[in-house]
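The chain contents come next:
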Amino acid sequence: MLLPLIWTLFAVLAVGGFLMIAAYWLDVQERPDLSLRARIGWSAAVLAFPIAIPAYALTADPGWPMFLRVASLVPAAAVLLFAGFVTGAFT
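Since the structure is predicted, the reported quantities are computational estimates derived from the model, not experimental observations.

K.L.:
Please give an account of helix 5 (residues 74–87) that cites residues and values.
P.N.:
Across its 14 residues, helix 5 extends 20 Å between first and last C-alpha, which sits within 8% of the 20 Å expected from 1.5 Å per residue. Among the residues of helix 5, those classed as buried are V74, P75, A76, A78, L81, G84 and F85. Each element contacted by the buried residues of helix 5 is listed here: helix 1 (3–30), helix 3 (49–59) and helix 4 (66–71). G88 lies just past helix 5 and shows a positive phi near 80°.

Spelled out as structure tokens, the structure:
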């Protein structure tokens, strides 16, 4: 009964997650206060995006407003919903 709602939520979070990945990567590339080594490290961390984006938003002081800091959790939420679908948690 809730499956269509959960699928819709997953689709919205997946699209939002891709947008957050792009925003994260572009922000890392445009920060002049980061060294080349730090930019490469944060860029490589995009491979672990559910952890790296919130870590960057909360610890690297990117100057993001509170909305983007909360939105940094969107990719992790999408991955959790995907894992729920794969494991059959929503059947």
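K.L.:
Before we move on, could you go through the packing of helix 1 against helix 2 (residues 36–44) and cite the residues and values that matter?
P.N.:
At their nearest, the axes of helix 1 and helix 2 sit 9 Å apart, and the two run at 175° to each other. As far as their axial angle goes, helix 2 and helix 1 are roughly antiparallel. Note on element contacts: helix 2 touches helix 1 through R39, W42 and S43, opposite Y24, W25, V28 and Q29.

What counts and how
- Residues numbered from 1 in each chain as written.
- Predicted model: local features only at pLDDT ≥ 70, side-chain atom pairs only at ≥ 80, totals over all residues.
- Heavy atoms only, no water.
- Helix = DSSP H or I, 4+ residues; strand = E, 2+ residues; numbered from the N terminus.
- Expected span 1.5 Å × (residues − 1).
- Buried < 20%, exposed > 50% of the residue type's maximum accessible area, 1.4 Å probe, protein only.
- Contact = heavy atoms within 4.5 Å.
- Axes fitted to C-alpha atoms, helices over the stretch in contact; angles between N-to-C directions.
- Parallel < 35°, antiparallel > 145°, perpendicular 65-115°, else oblique.

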